[in-house]
Amino acid sequence: MNISLIDLKRQYASIKDESDEAVLKVLNNAQYIMGENVKSFEKEFSDYIGVKNSISVGNGTDALIIALKALGIGCGDEVITTSYTFFATAEAISYVGAKPVFVDVNIDTYNIDTTKIEEKINENTKAIIAVHIFGNPCDMDEINRIAKKHSIYVVEDAAQAIAAEYKGKKIGTLSDIACFSFFPTKNLGCAGDGGMIVTNNDDLATVLKALRVHGSGENGLKAYNILNNINEEVEEDKSTDNTVYNPLKYYNYIIGQNSRLDELQAAILRIKLRKISNWTDKRINNAKFYNEGLKETNLVTPVVEENGKHVYHLYILQSEKREEICAYLKEKGIATGTYYPVPMHLQKVFKPMGYVEGDCPNSEYLSKRTFAIPMFPELEKEEIDYIVEAIKEFN
Ligand SMILES: *Cc1c(COP(=O)(O)O)cnc(C)c1O
């Protein structure tokens, strides 16, 4: 039996007819940028998450960069985040000119250790980026309590956590700004790159929208006024087409970038968003089978934070014999992956910041032990049984 970590062909097969139709419709309409599908998808995403504003962007990394820029974070500022995440979280902080400050993780949940955040806060600290790693929600009450006490922002990196919940509330609603990625292998993935930023703050939403498209037009002017505390009515943009032929497009008010979700991706994502609850249930069910099957082995299975709903973007195990077990599973046709082999504070690019081995011991320990086994909604029970048996044989 050959089982990959994620099988996107199975997912496509399950939505082929509606996806093909939607894509062809976009091609026929020839409105490729900021068309009806993008507008509708943003609205549907807001309804799904339960937020006021959703701003789609080119990818999850841009979502983080634009979010930090909208909060006015840049040179001289510090942003606290976890040392155990995908590189983009830390990269976005450095990209806007700020300094990433890494905090070690909780050894059980792999999420930021909230007891170690406060000691890293100083007068330059502007925000905490909480990463719900592998789809497992962080302790948001504690993070928000600390942030409020020190008047700093909270950004959620929810790239791996769509549909996850904390105390019955959807991930993405528990911070000033939350960022999602639609990279194909994410739980809600498109057929290319895509991302989303959500916020309940209308002024932030205006600035975010301006930043994603060159700070131009009516929205750019509104953003300029917000950022400069100017209280002045901005005349409504009455043109029906605000993308290609709008003359206001060539009046620029703030320095932004070009990072938009395209119409083809939005058309596909609208179809997939309707399936996400069902797909999430299936992931959770698959995780239950794994947990149950691996109970009697000496492998460490995922631990969910109290009050959290884990959505198993990845199903992560720990073993002191990681390399051997992964090689054994490979022989059996079972794919595995290492997430993440190098914690952020030990990445070569951050070497000049002066971190050394031992600064984040839990992250370092986990980086030598964790590995992912196949996890996706369409995974069959008999495949799960086969994987569990193979792991037990190795044990
Ligand atoms: C995937 C991911 C990102 C970046 O998203 P892209 O769409 O690939 O740019 C950021 N943070 C985390 C935790 C991720 O998993």
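Residues numbered from 1 in each chain as written. Predicted model: local features only at pLDDT ≥ 70, side-chain atom pairs only at ≥ 80, totals over all residues. Heavy atoms only, no water.

What to know about the overall build of the chain
Within the chain, the secondary structure is distributed over 13 helices and 12 strands. Taking 395 residues into account, the globule formula puts the C-alpha radius of gyration at 21 Å, and the chain, at 22 Å, falls close to it. Seen through its C-alpha atoms, the chain measures out along the principal axes to roughly 70 × 55 × 35 Å. Residues counted as buried form 54% of the 395 residues belonging to the chain. Across the chain, the fraction of contacts at a sequence separation of at least 24, relative to all contacts at a separation of at least 6, is 73%. Counting every atom, the chain has about 17800 Å² of accessible surface; 49% of that belongs to carbon and sulfur. Counting 44 positive and 57 negative side-chain charges, the chain places the centres of these two groups 1 Å from one another. (Helix = DSSP H or I, 4+ residues; strand = E, 2+ residues; numbered from the N terminus. Rg over C-alpha atoms; globule rule 2.2 N^0.38 Å. Buried < 20%, exposed > 50% of the residue type's maximum accessible area, 1.4 Å probe, protein only. Contact = heavy atoms within 4.5 Å. Areas by Shrake-Rupley, 256 points an atom, 1.4 Å probe, with all protein chains shown as cover. Lys, Arg positive; Asp, Glu negative; His and termini not counted. Charge placed at Lys NZ, Arg CZ, Asp CG, Glu CD.)

As for the packing of helix H11 (residues 322-331) against helix H13 (residues 381-394)
Interhelical geometry of H11 versus H13 gives an angle of 130° and a closest axis separation of 10 Å. Here H11 is positioned oblique relative to H13, judged by the angle of their axes. Judged by the sense of rotation from one axis to the other, the crossing of H11 with H13 is right-handed. Two secondary-structure elements touch here, H11 through Glu324, Ile325, Tyr328 and Leu329 and H13 through Ala390, Ile391, Glu393 and Phe394. Considering only residue class, the contact of H11 with H13 consists of six nonpolar, no polar and two charged. (Axes fitted to C-alpha atoms, helices over the stretch in contact; angles between N-to-C directions. Parallel < 35°, antiparallel > 145°, perpendicular 65-115°, else oblique. Left-handed = near helix turned anticlockwise from the far one by under 90°. Nonpolar A, V, L, I, M, F, W, Y, C, P; charged D, E, K, R; others polar.)

Digging into the sheet that holds strand S10 (residues 308-309)
Hydrogen bonding along the main chain pairs the strands of a sheet, whether they run parallel or antiparallel. Reading across the sheet, the three strands line up as S7-S6-S10 and stay open at both edges, with antiparallel pairing between neighbours. The open sheet has two free edges, formed respectively by strand S7 (169-170) and S10, since each of these has just one partner strand. Bridging between strand S6 (residues 165-166) and S10 involves two bridges; their strand directions are antiparallel. Pairing of Glu165 across the sheet is with Lys309, part of S10. (Pairing = 2+ DSSP bridges.)

Section: the pairing of strand S3 (residues 99-103)
Among the five residues in S3, four count as buried, and that is most of the element. As defined by bridge partners, strand S2 (residues 78-82) adjoins S3 across five bridges and the pair is classed as parallel. Note that in S3 the partner of Val79 across the bridge is Pro100. Between the parallel elements S2 and S3, the chain passes through helix H5 (residues 87-95) in a crossover that is right-handed. (Right-handed = clockwise from strand over helix to strand, strands pointing away.)

Some words on the site of the ligand
With respect to spatial proximity, 14 residues lie near the ligand, and among them Gly60, Thr61, Asp157, Ser181 and Lys186 are the closest. Measuring from an oxygen atom of the ligand, one finds a backbone N or O atom of Gly60 at 2.7 Å. One of the side-chain nitrogen or oxygen atoms of Gln160 is found 2.8 Å away from an oxygen atom of the ligand. Considering the ligand on its own, with 380 Å² of exposed area, one finds that the protein chains cover 92% of that surface. Take the shell around the ligand: its biggest share by element is three residues, from helix H4 (residues 60-70). (Near = heavy atom within 4 Å. Polar contact = N/O pair within 3.5 Å; in protein donor to acceptor, adjacent residues only side chain to side chain.)

Focus: the pattern of salt bridges
For the structure shown, the criterion picks out 22 salt bridges. Two residues, Lys275 and Glu18, come together in a salt bridge whose shortest N-O distance is 3.0 Å. A residue pair is termed long-range when its members are at least 10 positions apart, and Lys275 in the loop between helix H9 (263-273) and helix H10 (276-293) and Glu18 in helix H2 (residues 16-29) qualify at 257 residues. Using a relative accessible area of 26% as the deciding quantity, one classes Lys275 as partly exposed. (Salt bridge = Lys/Arg side-chain N within 4 Å of Asp/Glu carboxyl O.)

Brief notes about the domain arrangement of the chain
Split into domains, the chain comes out as domain 1 (8-273) and domain 2 (276-394). Domain 1 and domain 2 are separated by 26 Å when their C-alpha centres are compared. Of the residues lining the interface, 47 residues belong to domain 1; the matching set on domain 2 comes to 41 residues. Here domain 1 meets domain 2 over a buried area of about 3800 Å², counting both sides, of which 60% is carbon and sulfur. Here domain 1 is connected to domain 2 by two salt bridges. (Domains from an automatic or database assignment. Buried area = accessible area lost by both parts, 1.4 Å probe.)

Here's the deal with a negative patch on the surface
Together, Glu232, Glu233, Glu235 and Glu236 make up a region of like negative charge exposed at the surface. Residue placement: Glu236 occurs in the loop between helix H8 (217-227) and H9. (Patch = residues over 30% accessible without salt bridge, like charges linked within 9 Å, V, L, I, M, F, W, Y side chains within 5 Å.)

What about the nonpolar core?
Formed by 48 residues in total, the largest nonpolar core has its most connected members in Phe41, Phe45, Ile117, Ile143, Phe180, Phe182 and Leu188. Of all the elements in the fold, those that place two or more residues in this core are helix H3 (36-49), S3, strand S4 (125-131), helix H6 (140-149), strand S8 (177-181), strand S9 (195-199) and H9. Here this core takes five residues from H3, the largest share from any one element. When residues of this core are assigned to domains, at least three fall in each of domain 1 (8-273) and domain 2 (276-394). (Core = buried A, V, L, I, M, F, W, Y, C linked by side-chain atoms within 4.5 Å.)

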